[in-house]
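# Coordinate analysis (summary)
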Amino acid sequence: MKKGRLYGVGVGPGDPELMTLKAVRIIRECQVVAIPHSEKEKCVAYRIARQAVPEIEEKPCLFLPMPMTKDREILKKSHREAAEKTAGCLEKGENVAFITLGDSTVYSTCLYVHEQIRAMGFETELVNGVPSFCAAAAKFNGPLVNGSQELHIIPASYQIEEALNLPGVKVLMKAGRKMGQVKELLSEKNLKVKMAENCGMQGERCFSSLEEIPEEAGYYSLIIASDR
């Protein structure tokens, strides 16, 4: 029996109209849909995909919950278990679409499973989606970068102080948890700042200056900071 293939499918930042034709096709064609959660309704990527691909509800769902922790041992265990569950489907010849927010190559949950599945000898493919920082820039109706500007993508849940000294445009991903600290650092660096919260999703809010940004914000908060 021919073994199945794992697809890491980016569903974009929130607006189902930003899902690519390829992402829609792969989800439709795969026998199994994998999600990084224990419940469909609580998985943001699933709720987005369902609006563009209603037939996703008819497909078997592989639940691969990923704990929100930086504990390496806990993460390794969850990734190993997720890869083993996925391999079980692939061994039966089933193609699996692992849906993930934004783009499948940018800080994507599916990458941890993708790497282990490749190491097991299965075929894999990554399907791109619109990254959240591109969607956020469009919300502000202007360029993300222009001319000779550099672009730096920074995970804001880690140390960011040195990264803010980089030239050009800095994108701070998932800045909500440390918003007070992040705002203080941005003020010190005298950077021009915009922020999108829940871009393309319900509850979307956009702020055009550092002063407008609240001290507390949601998990999906993205900051675009540039030299004045």
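Nothing here was measured: the structure is a model prediction, and the numbers come from that model.

Definitions and cut-offs
Each chain carries its own residue numbering, running from 1 in the direction its sequence is written. It should be noted that, the model being predicted, local features are given only for residues of pLDDT at least 70 and side-chain atom pairs only at 80 or more, the latter also being counted only at that level, while totals for whole chains, interfaces and linings use all residues. Hydrogens and water are ignored here; the side-chain numbers use all heavy atoms of the structure. Working definition: helices are DSSP H or I runs of at least four residues, strands are E runs of at least two. Numbering for both runs from the N terminus. Radius of gyration means the value over C-alpha atoms here, while the globule rule gives 2.2 Å times the residue count to the 0.38 power. Relative accessible area decides the class of each residue, using a 1.4 Å probe on protein chains only: under 20% of the type maximum gives buried, over 50% gives exposed, and in between gives partly exposed. In what follows, residue pairs with any heavy atoms lying within 4.5 Å of each other are defined as contacts. Aromatic pairing here means that ring centres of Phe, Tyr or Trp (its six-membered ring) are within 6.5 Å. Orientation follows from the plane angle: under 30 degrees is stacked, over 60 is edge-to-face, and everything else is tilted. The convention is simple: Lys and Arg are positive, Asp and Glu are negative, and His and the chain ends are not counted. Any carboxyl oxygen of Asp or Glu that lies within 4 Å of a side-chain nitrogen of Lys or Arg is treated as forming a salt bridge with it. Whenever two N or O atoms come within 3.5 Å, that pair is a polar contact, provided that in protein one can donate a hydrogen and the other can accept it, and provided that, for residues adjacent in sequence, both atoms are side-chain atoms. Throughout, the protein atoms alone are placed on a 1 Å grid, and a set of points is a cavity if a 1.4 Å probe fits but cannot get out or a pocket if it is open with protein on both sides within 12 Å along at least five of seven lines; lining residues have an atom within 4 Å of a point. Grid points are joined across faces, edges and corners, and a volume is the space filled by probe spheres set on the points. Relevant arc is that of directions from the helix axis to the C-beta atoms, nothing else. When DSSP locates at least two bridges between a pair of strands, those strands are taken to pair. For helices, the fitted line uses only the C-alpha atoms of the stretch in contact; every axis is such a line through C-alpha atoms, and the angle between N-to-C directions lies from 0 to 180 degrees.

For the protein chain, the helix and strand inventory stands at six helices and ten strands. Taking 228 residues into account, the globule formula puts the C-alpha radius of gyration at 17 Å, and the protein chain, at 19 Å, falls close to it. Buried residues in the protein chain amount to 46% of all 228 residues. For the protein chain, restricting intrachain contacts to residue pairs at least 6 apart in sequence, the fraction spanning at least 24 positions comes to 68%.

With that out of the way, let us pick up the packing of aromatic side chains. Summed over all chains, the structure comprises one aromatic pair. When the centroid spacing of 5.0 Å and the interplanar angle of 70° are considered together, the rings of Tyr 219 and Tyr 220 count as edge-to-face. Residue Tyr 219 is classed as partly exposed on the basis of its relative accessible area, which comes to 28%.

What follows concerns the side chain of Lys 59. Position of Lys 59 among the secondary structure elements: in the loop between helix H2 (44-52) and strand E3 (61-63). Although Lys 59 is buried, it makes no salt bridge; Glu 55 carries the closest opposite charge, 7.4 Å away. Within the local environment of Lys 59, its side chain forms a polar contact with the backbone oxygen of Cys 30, the two atoms lying 2.7 Å apart. Apart from residues no more than four positions distant in its own chain, Lys 59 is found in contact with Ile 27, Arg 28, Glu 29, Cys 30, Gln 31, Val 33 and Lys 40.

Our focus in this paragraph is the layout of surface pockets. Quantified by volume, the largest pocket comes out at close to 1400 Å³. Taken together, 47 residues make up the lining of the largest pocket; nearest its centre are Met 68, Tyr 107, Thr 109, Lys 174 and Tyr 219. Elements that contribute at least two residues to the lining of the largest pocket include exactly H2, helix H3 (72-91), helix H4 (110-119), helix H5 (132-139) and strand E10 (221-226). Broken down by element, the lining of the largest pocket gets its largest block of residues, three residues, from H5.

Counting along an α-helix, one turn takes 3.6 residues, and residues three or four places apart therefore face a common direction. Within the span of helix H1 (residues 21-29), buried status applies to Ala 23, Val 24, Ile 26 and Ile 27. Along the axis of H1, the buried residues cluster in a sector spanning 165°; they form a single face. The secondary structure elements touched by the buried residues of H1 are strand E1 (5-10), strand E2 (32-35), H2, strand E4 (96-100) and strand E5 (123-127).

What follows concerns unusual backbone geometry. A negative phi angle is the norm for most residues apart from glycine, just as the trans form is the norm for most peptide bonds. In the Ramachandran plot, Tyr 107 falls in the positive-phi region, its phi being about 45° despite a non-glycine side chain. Turning to its location among the elements, Tyr 107 is positioned in the loop between E4 and H4.

A few words now on the sheet that holds strand E6 (residues 151-155). Strand order across the open sheet formed by five strands is E6-E7-E10-E8-E9, with mixed pairing between neighbours. For this open sheet the edge positions go to E6 and strand E9 (205-207), each flanked by a neighbour on one side alone. Averaged over all pairs of adjacent strands, the angle between strand axes in this sheet comes to 15°, irrespective of strand direction. Sheet topology note: the E6/strand E7 (residues 169-173) ladder contains five bridges and is parallel.

So, on to the pattern of salt bridges. Tallied over the full model, the rule gives 13 salt bridges. The partner of Arg 5 in a salt bridge is Glu 123, with the nearest N and O atoms 2.7 Å apart. Taken together, the positions of Arg 5 in strand E1 and Glu 123 in strand E5 put the pair 118 residues apart, joining distant regions of the chain. Residue class for Glu 123 comes out partly exposed when judged on its relative accessible area of 44%. The residue Glu 204 makes a salt bridge to Lys 139 at a minimum N-O spacing of 3.3 Å. With Glu 204 in the loop between strand E8 (192-197) and E9 and Lys 139 in helix H5, this residue pair connects regions lying 65 residues apart in the sequence. For Glu 204, a relative accessible area of 30% puts it in the partly exposed group. Accessibility expressed as a relative area gives 44% for Lys 139, which makes it partly exposed.

Attention now goes to the sheet that holds E4. Ordered by their spatial adjacency, five strands build an open sheet running E3-E2-E4-E1-E5, and the pairing between neighbours is parallel. Two strands in the sheet have a free side with no partner beyond their single neighbour: E3 and E5. Across this sheet, the average inter-strand angle for adjacent strands is 25°, counted without regard to direction. In this sheet, E3 lies alongside E2 in parallel orientation, the contact comprising three bridges. Residue pairing for E3: Val 33 is matched across the bridge by Cys 61. Its contacts with the sheet place H1 against E1, E2, E4 and E5, and it is angled at close to 140° to E1. Packing against the sheet, H3 makes contact with E1, E2, E3 and E4, and its axis sits at approximately 155° to E3.

Remember that the coordinates give geometry; whether it matters functionally is a separate question.
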